[in-house]
Amino acid sequence: MPSRQKAKGNNFERTIAKHLSDVFNYNFERVPTSGAMTGGMNSYVLDRLSESQKLLLEGDLIPPDELPNLKIECKSLKKISFSSFLTKNAT
């Protein structure tokens, strides 16, 4: 059973995927295991993946084929300043 924070993040990713699908009329899907396979301590896994495999696992949402260069990271925060989007580590 995932932690409350993980469950909150998963729910937020599903909500964003549905919203983007509705707005753009394309199918956006949540990445299975979203970050768990290649994030943090598992970053070494990226070295053995093909480019198409990396594309499927990068980010939190899988963009539709019509938007191949799009990478989406979802962050569910109570408060965030706009200037934090302009830095490499937006926290």
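Every chain begins its residue count from 1, and numbering advances along the sequence as written. For this predicted model, a pLDDT threshold of at least 70 governs which residues receive local features, and a threshold of 80 or more governs which side-chain atom pairs are given and counted, while totals over whole chains, interfaces and linings are taken from all residues. Heavy atoms throughout the structure, all of them, feed into the side-chain values; hydrogens and water do not.

Draft legend 1. Quick peek at the overall build of the chain. By the criteria applied, helices consist of DSSP H or I runs no shorter than four residues and strands consist of E runs no shorter than two, each listed in order from the N terminus. Secondary structure summary: the chain contains 2 helices and 2 strands in total. Burial status across the chain gives 23% buried among its 91 residues. In this scheme, a residue with accessible area under 20% of its type's maximum is buried, one over 50% is exposed, and one in between is partly exposed, where area comes from a 1.4 Å probe on protein chains only.

Draft legend 2. Structural context of the pattern of salt bridges. Salt bridges are identified by distance alone: a Lys or Arg side-chain nitrogen within 4 Å of an Asp or Glu carboxyl oxygen. All chains considered together, the criterion is met by 3 salt bridges. Between E13 and R30 there is a salt bridge, with its nearest N and O atoms 2.6 Å apart. Linking E13 in helix α1 (residues 4-24) with R30 in strand β1 (residues 29-30), this pair joins segments that are 17 residues apart in sequence. Between K18 and D22 there is a salt bridge, and its shortest N-O distance comes to 3.0 Å. Taken together, the residues K18 and D22, both in helix α1 and 4 residues apart, mark about one turn of the helix.

Draft legend 3. Representation of α1. Here the expected span of a helix is defined as 1.5 Å times the quantity of residues minus one. Look at α1: 30 Å from first C-alpha to last across 21 residues, which is about the 30 Å you get at 1.5 Å a residue. Of all the positions in α1, only N10, E13, A17, L20 and S21 are classed as buried. Along α1, the residues classed as buried sweep out an arc of 100° about the axis, all on the same side. Opposite the buried face of α1, at more than 90 degrees from it, the exposed residues are R4, Q5, K18, D22 and V23. When checking whether two residues touch, look at their non-hydrogen atoms; a contact exists if any pair is within 4.5 Å. Taken together, the buried residues of α1 touch β1 and β2 (61-62). N25 sits one or two positions beyond α1 and adopts a positive phi of about 60°. As used here, the arc is the angular range of directions from the helix axis to the C-beta atoms.

Draft legend 4. Quick peek at the environment of L20. Tracing the chain through its elements places L20 in helix α1. Between the C-alpha atoms of L20 and P63, which are 43 residues apart in sequence, the distance is 9.5 Å. The residues touching L20, leaving out its near neighbours within four places in the chain, are N25, Y26, F28, L61 and I72.

Draft legend 5. Representation of unusual backbone geometry. Of note, the phi angle at N25 is positive, near 60°, even though the residue is not glycine. Summarising the element assignment, N25 is placed in the loop between α1 and β1. A residue is classified by how much of its surface remains accessible, and N25, at 67% relative accessible area, is exposed.

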